[in-house]
Amino acid sequence: MAANLLAGAASIDISPRDSQFLYGYPHEPRYSTGIHDPLLSASLYLCDGGNEAVIIANDLIYVSKEICARIRARITAKTGIPGSHIMISATHTHSGPVTVDVISCSTDPVVPPADVEYLKFFEDQVVECAVKAQASARPAEIGLTVAAAPHSQTNRHNPTGPSDPAIPVLVAREVQSGGFIACMAAYSLHPTALHEDSTLISADFPGMARQYLHDTVLGEDCPILYHTGPAGNQSPRYLIRSNDFVAARKLGREVGHAIRAAIPSIQYVNDISITFSQAYIDLIRRDLPTVAEASERVQQAKEKLERLRQNGSRPEDVRTAECDWFGTEETLTLAQAAQDGRVESVYKSTLPCEVQAMKLGPWIFVAWPGEVFVEYALQVKKAHEDVFVISMANGEFQGYIVTEDAVRRNSYEACSSIFDPRSGQCMVEATIQLVNHLRGSQSSETTSWSWSPATNTLAPS
């Protein structure tokens, strides 16, 4: 292929212009009192001479499937880039506004509905940013390396449990000057260095990592796309001594330093091809308990939490038990909602699950919606070590995709999930088959598939 790669990038401020409820922690009436660091949307545009792509990362807790569809349609109308060639993710910061009305939190008296005016502002900004990225395209070359930050995250239920310290780092730079156009990275860690007592808008540690990279290697003019990898059960809980901006900056510097140290090893190419493929999956729904059963679980979780508090247990263990108690309350909410049909309407809004695979030369990025446990991404990596999964992309699942073990332990994530853990395995199997097809295909056309849990196979949509 001729050396004809084009790349452009842009970033834009998506911080609220007024006070917003900061969403991410149950029962905490947190309204923003200012902005510590801005929430950003960053876009990377790529063109191989034929196919175009736009990748977008947003400093928000979620972006709904409905809003993703609208953003894609609006970008297509303005740029001609197909919606299937647009990937949209959320970093999952817990210090930003409500963006989705999550049914499991619908009885939490302090959580307001998502602000429609803010959502409109956000949507407009994202579309503008993507258009600017395309308009800035120039001859480019890209390269990828894998950094690692093993001391910055752990499994939040067991510090020795499954985790993934790898950070895929993709950099685009100008052919003539060698100047940086954009940097993209993904790391499997919840952005929860900041907790309930913080009332400042913040991207959490990803924003601090981004600033570190601007200051030390990339310069202020290089947009940085930060994605969160599968991190449903990954957090800094066992590694930080406080939940404040000191901890967020430390964590951000550690992650930023790992990325900075890896960038010099990148080998660049400018003759890549870009191809996409998608699979659509009707995930397996969770069997919810009765209201009476759910009420009993709430009482049991509350009693466990009180025992740990009275016994002077470690703060991180108390926090885990507290979150598990929150989860049983959310199961009770779901059990009540199932009785009046509200859960069914949520399933219709989230399904089918879209698994999107984007092949950039030899590298493949896969986008999964929702908060997925890291074990599922590790299965994909075992099958294809050079495939990188981005989570909370192209929609959300109103919560988590958990493992069977999490269900047995009655963990917070399992309690608040609306999907059966077998859904995670469905996503893994569909992803592996999608990647196999993408690598084996000689066509540059986007392909669309449906995946059947009954047969474990893809079929053309």
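Up top is the structure these notes are about.
Each value, and the rule that gives it
- Residues numbered from 1 in each chain as written.
- Predicted model: local features only at pLDDT ≥ 70, side-chain atom pairs only at ≥ 80, totals over all residues.
- Heavy atoms only, no water.
- Helix = DSSP H or I, 4+ residues; strand = E, 2+ residues; numbered from the N terminus.
- Buried < 20%, exposed > 50% of the residue type's maximum accessible area, 1.4 Å probe, protein only.
- Contact = heavy atoms within 4.5 Å.
- Areas by Shrake-Rupley, 256 points an atom, 1.4 Å probe, with all protein chains shown as cover.
- Polar contact = N/O pair within 3.5 Å; in protein donor to acceptor, adjacent residues only side chain to side chain.
- Pairing = 2+ DSSP bridges.
- Axes fitted to C-alpha atoms, helices over the stretch in contact; angles between N-to-C directions.
- Salt bridge = Lys/Arg side-chain N within 4 Å of Asp/Glu carboxyl O.
- Left-handed = near helix turned anticlockwise from the far one by under 90°.
- Nonpolar A, V, L, I, M, F, W, Y, C, P; charged D, E, K, R; others polar.
- Parallel < 35°, antiparallel > 145°, perpendicular 65-115°, else oblique.

Novice: Whenever I open this one, the overall build of the chain confuses me. Can you help?
Specialist: Summing up its helical and strand segments, the chain has 11 helices and 20 strands in all. Projected onto its principal axes, the C-alpha coordinates of the chain cover approximately 65 × 50 × 45 Å. Within the chain, the proportion of its 461 residues that are buried is 59%. A sequence separation of at least 24 residues applies to 79% of the contacts in the chain between residues at least 6 apart. Summed over all atoms, the accessible surface of the chain reaches about 17400 Å², with 51% contributed by carbon and sulfur.

Novice: Which parts of the structure should I look at to understand the side chain of Thr93?
Specialist: Along the chain, Thr93 turns up in the loop between strand 5 (86–90) and helix 2 (116–135). Since its relative accessible area comes to 0%, Thr93 is described here as buried. For Thr93, the side chain forms a polar contact with the main-chain oxygen of Ser202, separated by 2.8 Å. When neighbours within four sequence positions are excluded, Thr93 is seen to be in contact with Tyr23, Leu39, Asp59, Leu60, Ile61, Pro191, Ser202, Ala203 and Asp204.

Novice: Would you take a moment to explain the sheet that holds strand 1 (residues 6–13) for this structure?
Specialist: Where strands meet in a sheet, backbone hydrogen bonds hold them as pairs that are either parallel or antiparallel. Read from one edge of the open sheet, 8 strands run 5-4-3-1-6-8-9-11, paired in mixed fashion. Across the chains shown, the open sheet's two edge strands, defined by having one partner strand only, are strand 5 and strand 11 (224–228). Neighbouring strand axes in the sheet, compared pairwise and without regard to direction, differ in orientation by 20° on average. Relative to strand 3 (residues 40–47), strand 1 runs antiparallel, the two sharing 8 bridges. What sits directly across from Ala10, in strand 3, is Ser43. Sheet strands in contact with helix 4 (residues 245–262) are strand 6 (138–148), strand 8 (166–174) and strand 9 (180–187), and its direction is about 120° off that of strand 6.

Novice: Teacher, can you tell me more about the pattern of salt bridges here?
Specialist: Think of it this way: side chains of opposite charge can pair up when their charged atoms draw near. Applying the stated criterion across every chain yields a total of 26 salt bridges. Lys120 serves as the salt-bridge partner of Asp124, at 3.2 Å between the closest nitrogen and oxygen. Taken together, the residues Asp124 and Lys120, both in helix 2 and 4 residues apart, mark about one turn of the helix. The network of salt bridges with shared partners includes Glu66, Arg70, Arg74, Lys120, Glu123 and Asp124.

Novice: What am I meant to see in the sheet that holds strand 14 (residues 353–360) here?
Specialist: Judged by pairing direction, the sheet is mixed, and its 6 strands sit side by side in the order 17-15-14-13-19-20 without closing on themselves. The strands lining the two open edges of the sheet, one partner per strand, are strand 17 (387–390) and strand 20 (457–460). Averaged over all neighbouring strand pairs, the angle between strand axes comes to 25°, with direction disregarded. Alignment of strand 15 (residues 363–367) against strand 17, held across 4 bridges, turns out to be parallel. By the bridge assignment for strand 17, Ala367 is matched with Ile390.

Novice: Explain the packing of helix 1 (residues 65–79) against helix 2 to me, please; I cannot follow it from the model alone.
Specialist: The description of two helices packed together rests on the angle between their axes and the distance between the axes. Two numbers describe how helix 1 lies on helix 2: the axes approach to 10 Å, and their chain directions differ by 40°. Here the hand of the crossing between helix 1 and helix 2 comes out right-handed. Together, Ile67, Arg70, Ile71, Arg74, Ile75, Lys78 and Thr79 of helix 1 and Leu119, Phe122, Glu123, Asp124, Val126, Val127, Ala130, Val131 and Gln134 of helix 2 make up the contact between the two elements. Of the residues contributing to the contact of helix 1 with helix 2, the split by class is 9 nonpolar, 2 polar and 5 charged.

Novice: Would you mind going over unusual backbone geometry with me for this structure?
Specialist: Glycine aside, the phi torsion of most residues is negative, and most peptide linkages are trans. In this structure, the amide linkage connecting Leu351 to the following residue, Pro352, adopts the cis form with an omega of 0°. With respect to the secondary-structure elements, Pro352 resides in the loop between helix 7 (342–350) and strand 14. Although it is not a glycine, Gln398 sits at a positive phi angle of roughly 60°. The residue Gln398 is located in the loop between strand 17 and strand 18 (400–401) in this model. Here Gln398 falls in the buried class, since its relative accessible area comes to 5%. Here the phi dihedral of Asn456 falls at roughly 60°; this positive angle occurs in a residue that is not glycine. When you line up the elements, Asn456 lands in the loop between strand 19 (447–452) and strand 20. Among the residues examined, Asn456 registers a relative accessible area of 40% and is labelled partly exposed.

Novice: It is not clear to me how the packing of helix 8 (residues 374–383) against helix 11 (residues 422–440) should be interpreted in this structure. Could you clarify?
Specialist: Interaxial distance between helix 8 and helix 11 falls to 9 Å at its minimum, and their mutual angle equals 25°. The angle between helix 8 and helix 11 falls in the class roughly parallel. By crossing handedness, the relation of helix 8 to helix 11 is classed as right-handed. Contacts between helix 8 and helix 11 involve Tyr376, Gln379, Val380 and Ala383 on the former and, on the latter, Gly424, Gln425, Val428, Thr431 and Ile432. Residues that form the contact of helix 8 with helix 11 fall into these classes: 5 nonpolar, 4 polar and no charged.

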